[in-house]
Amino acid sequence: MFRPRILGPFLSLSVAVMPLSAQMHHVDQPRQVTRAVGVYEWTGDLAKPGAERLIPVSLFIHGHYEDAGVFLAQPVPFALETGNVYALQKSGDPIGTLDLDYARNIVDRRDVADDNPIGAWYGYGRFLPLSATPAPPLHPSSHLSVIASSGDDDQPHFINRSPGEAGNPGSSTSPTTGSTNTPAPPADPDRPVLHRAPNSSSPANSSSPDAASTDNAPSSPGTADTENDPDRPTLGHRDDNETDKKQEKEEEKRRKRAADGGAVIPLSTSLNDDPNRPTLHHGKVESAVAPPPLTGFPANLHQTVAVSDAATPPQHIFARDWDSLAERADTLAAMQRLAQPLAQQYLATNHLRPEPASTGPKLITPSTKRSSATHRTTHRAAAPKTTPLVFQEEQLAGFTLSYGGLPTFVYTATLPTLPASAPVSPATTPTHATAHHLTTVPAGVMTTDAAATQPLTGPLVRVTVIAQRLPAGNLQLSLTSATDDAHLDRTPWMRLIDAVDADGSHRASLLFELRARSSRQFALYSLTSAHAQQTFITGILE
């Protein structure tokens with residue numbers, strides 16, 4: 001009896017609460033995302049590229065990634081079908097669209113006659129930049145007549161519109177219909193009215209019926225009205241002054257006629273005067289012609305991200321703006337400090353030495369002559385000192401990969417090196433002074449080291465560092481990579497393309513190009529944790 005008394009109220013309470021909790025939660029059906037990501041490459045100006053191509057990278061479909069270059073490639077990959085539209089982006093900010101016209105399977109560095117040639121699919125189309133201002137809507141031409149609505153649909157009424165009233169076609173009144181029961185509407189203000197000249201024998205403003213009949217009656221030839229008509233043409237000798245006076249009089253008469261409403265302005269009947277008339281061209285329009293296809297790796301190659309999605313998700317900019325120039329300088333110095341031990345370790349492992357910052361001639365100051373009686377050799381052992389490396393071609397990019405996420409920075413740089421067999425310059429080695437070999441050198445004499453003149457250079461070391469700034473202010477390493485031109489097949493060069501939302505989750509990934517000596521791949525890296533994880537990589541493109 002004791003247990004039911006406890007469970008009874010509990011059961012009744014649970015029954016009463018469960019329907020209420022079920023009504024408070026509403027779960028939307030997840031959207032089926034189908035999104036393709038590619039890399040658009042071009043040469044020259046983006047508005048008018050000299051050559052271009054689209055490299056398909058990833059296709060997020062059915063909740064996972066597929067290689068867009070080979071997915072459903074029968075006969076053309078699904079991501080490169082004709083008519084697909086890609087939005088070119090710069091860290092999520094759209095800069096234009098690309099309409100695909102066709103796709104080709106290109107074999108770059110292998111013979112087509114091979115049993116299994118390896119190539120890559122590329123898409124080609126037309127780039128359309130975003131317009132700074134939207135195109136204005138089409139308006140009726142001011143040179144044509146306006147059809148005013150009337151009660152009878154079968155009887156359209158045409159009204160001659162003056163230029164001053166071209167923007168207000170609705171101000172005209174409806175015409176009189178054919179029905180006798182409806183009262184006549186007020187007079188049309190746009191209807192032209194003819195008036196007699198002011199010097200006429202019968203005044204134009206006479207309101208009597210006789211005057212009206214006189215105004216409407218034509219004048220017989222040879223009457224006084226015809227002789228006194230100021231507009232009657234006369235024959236005479238040409239006089240420039242009289243011609244100018246006559247033109248001024250005619251212009252004044254036209255102004256008077258326009259003021260009292262008696263002027264009739266003819267309408268232009270030429271269709272070429274219509275500003276909204278479309279124009280026809282022979283052949284293809286220049287904007288519709290696709291640029292030539294891009295081949296190889298030219299020196300002026302540019303790259304940007306291209307995204308194709310059937311839906312239009314909200315725009316999200318992933319680029320992070322710098323608060324000030326001082327913040328960027330401090331971040332750059334911090335990223336250099338993170339790259340220093342990485343480059344030092346790589347140089348020591350591969351037996352490389354950094355190239356001196358300055359290998360030109362050096363100025364030697366006078367040295368003190370030592371006594372030659374001792375004939376002893378003094379060896380001074382220099383203390384080991386780590387010289388900071390001087391990086392070149394430095395690039396620093398900042399991103400905010402998600403809403404409220406940590407600031408993410410990507411640093412890339414190069415480091416010139418010397419091979420281990422190259423002669424060492426005295427400026428970079430410990431001093432070995434021998435007393436009987438020391439000589440006095442006059443002040444200001446320029447000497448050139450023989451080792452510095454030898455054109456011995458080593459491979460170029462390439463460093464990539466990804467780090468995130470913690471709330472405390474310090475940087476946390478997420479991914480590092482170091483390689484050189486002689487070992488690209490072992491460790492490819494990580495070249496940053498941009499940040500892109502590849503799966504429609506409003507969280508961006510870092511898109512890198514992994515370039516080897518004769519091939520390359522594209523990979524996506526996600527930073528959902530402290531370390532960058534590779535979420536997708538394409539096949540080898542040659």
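None of these values were measured; they are calculated from a predicted model. (Residues numbered from 1 in each chain as written. Predicted model: local features only at pLDDT ≥ 70, side-chain atom pairs only at ≥ 80, totals over all residues. Heavy atoms only, no water.)

### Examining the packing of aromatic side chains
Item 1. For the structure shown, the criterion picks out nine aromatic pairs.
Item 2. For the ring pair Phe391 and Tyr411, a centre distance of 6.3 Å and an interplane angle of 85 degrees mean the geometry is edge-to-face. Residue Phe391 is found in the loop between strand 12 (377-379) and strand 13 (392-400), and its partner Tyr411 is found in strand 14 (residues 407-415); the two are separated by 20 residues along the sequence.
Item 3. We classify Phe391 as buried; its relative accessible area is 9%.
Item 4. On the accessibility criterion, Tyr411 (0% relative accessible area) is buried.
Item 5. Of the aromatic side chains, those joined through ring pairs into one cluster are Tyr40, Trp42 and Phe127.
Item 6. One Lys or Arg, Arg462, reaches over the ring of Trp493 and ends 4.0 Å from the middle of that ring. (Phe/Tyr/Trp six-rings, centres within 6.5 Å; stacked < 30°, edge-to-face > 60°. Helix = DSSP H or I, 4+ residues; strand = E, 2+ residues; numbered from the N terminus. Buried < 20%, exposed > 50% of the residue type's maximum accessible area, 1.4 Å probe, protein only. Lys NZ or Arg CZ within 6 Å of the ring centre and 35° of its normal.)

### Some remarks on the nonpolar core
Item 1. In terms of nonpolar packing, the biggest core is built from 22 residues, with Met335, Phe391, Tyr411, Leu415, Val461, Val463 and Val465 touching the most fellow members.
Item 2. For this core, the secondary-structure elements that each account for two or more residues are helix 5 (325-349), strand 14, strand 18 (461-469) and strand 19 (475-484).
Item 3. The element best represented in this core is helix 5, accounting for eight residues.
Item 4. Ignoring anything within four residues of it in the chain, the contact list for Phe391 reads Gln336, Ala339, Gln340, Ala343, Tyr411, Ala413, Thr414, Leu415 and Val463. (Core = buried A, V, L, I, M, F, W, Y, C linked by side-chain atoms within 4.5 Å. Contact = heavy atoms within 4.5 Å.)

### Side note on the pattern of salt bridges
Item 1. A complete count under the given rule lists eleven salt bridges for this structure.
Item 2. Residue Glu41 is joined to Arg520 by a salt bridge in which the shortest nitrogen-to-oxygen separation is 2.8 Å. Highlighted residues: Glu41 in strand 1 (residues 35-44) and Arg520 in strand 22 (residues 520-526), separated in sequence by 479 residues. Considered together, Glu41 and Arg520 belong to a single accessibility category, that of buried residues.
Item 3. The salt bridge partner of Glu513 is Arg515, with a shortest N-O separation of 3.0 Å. Arg515 shares its class with Glu513; the two are buried.
Item 4. Overlapping salt bridges bring together Glu41, Arg53, Arg495, Glu513, Arg515 and Arg520 as one network. (Salt bridge = Lys/Arg side-chain N within 4 Å of Asp/Glu carboxyl O.)

### A short note on the confidence of the model for the chain
Item 1. Confidence in the prediction of the chain, expressed as mean pLDDT, is 73, and 58% of residues score 70 or more.
Item 2. Residue range residues 1-24 is modelled with pLDDT below 50. Its contacts to residues more than four positions away, or to other chains, number one contact.
Item 3. Low pLDDT, under 50, characterises residues 144-148; the predicted model gives this stretch 16 contacts beyond four residues in sequence or across chains. (pLDDT = per-residue confidence, 0-100.)

### A closer look at the side chain of Thr304
Item 1. One can find Thr304 in strand 9 (residues 301-309).
Item 2. Of note is the side chain of Thr304, whose polar atom sits 2.7 Å from the backbone oxygen of Gln89.
Item 3. Once residues lying within four places of it in the same chain are set aside, the contact partners of Thr304 are Gly38, Val39, Tyr40, Trp42, Leu88, Gln89 and Ile95. (Polar contact = N/O pair within 3.5 Å; in protein donor to acceptor, adjacent residues only side chain to side chain.)

### Some points on the sheet that holds strand 23 (residues 533-537)
Item 1. Spatial ordering of the open sheet is given by 20-21-22-23, a layout of four strands whose pairing is antiparallel. The open sheet terminates on both sides in strands that have one partner only, identified here as strand 20 (493-500) and strand 23. When the angles between neighbouring strand axes are averaged without regard to direction, this sheet yields 30 degrees.
Item 2. Sheet topology note: the strand 21 (residues 509-515)/strand 22 ladder contains six bridges and is antiparallel. Bridging across to strand 22, Glu513 finds its partner in Phe522. (Pairing = 2+ DSSP bridges. Axes fitted to C-alpha atoms, helices over the stretch in contact; angles between N-to-C directions.)

### Quick look at unusual backbone geometry
Item 1. Cis rather than trans, the peptide bond between Gln74 and Pro75 has omega equal to 0 degrees.
Item 2. Tracing the sequence through the fold places Pro75 in the loop between strand 3 (64-67) and strand 4 (85-90).
Item 3. The phi torsion at Glu393 lies on the positive side, around 50 degrees, for a residue other than glycine.
Item 4. Within the secondary structure layout, Glu393 lies in strand 13.

### Remarks on the pairing of strand 9
Item 1. The element strand 9 is extensively covered by neighbouring structure, given that seven of its nine residues are classed as buried.
Item 2. Where strand 1 and strand 9 come together, nine bridges link them in antiparallel fashion. Bridge pairing in strand 9 places Val39 opposite Val305.
Item 3. Sheet topology places strand 4 next to strand 9; three bridges connect them, and they run antiparallel. Opposite Gln89, over in strand 9, you have Val305 as the bridge partner.

### Some thoughts on helix 5
Item 1. With 25 residues, helix 5 extends 36 Å from end C-alpha to end C-alpha; this agrees with the ideal 36 Å at 1.5 Å per step.
Item 2. Elements in contact with the buried residues of helix 5: strand 10 (352-354), strand 13, strand 14, strand 15 (417-419), strand 18 and strand 19. (Expected span 1.5 Å × (residues − 1).)

### Examining the environment of Gly63
Item 1. With respect to the helices and strands, Gly63 occurs in the loop between strand 2 (49-61) and strand 3.
Item 2. Exposure remark for Gly63: the relative accessible area of 59% places this residue in the exposed category.
Item 3. Once the C-alpha coordinates of Gly63 and Val33 are considered, the two residues, 30 residues apart in sequence, prove to be 7.4 Å apart.

### Here we look at the pairing of strand 3
Item 1. By the alternation rule, side chains of strand 3 split into Tyr65 and Asp67, which are all buried, and His64 and Glu66, of which none is buried.
Item 2. Connecting strand 2 to the next strand, strand 3, in antiparallel fashion are two residues, including His62 with a positive phi near 55 degrees.

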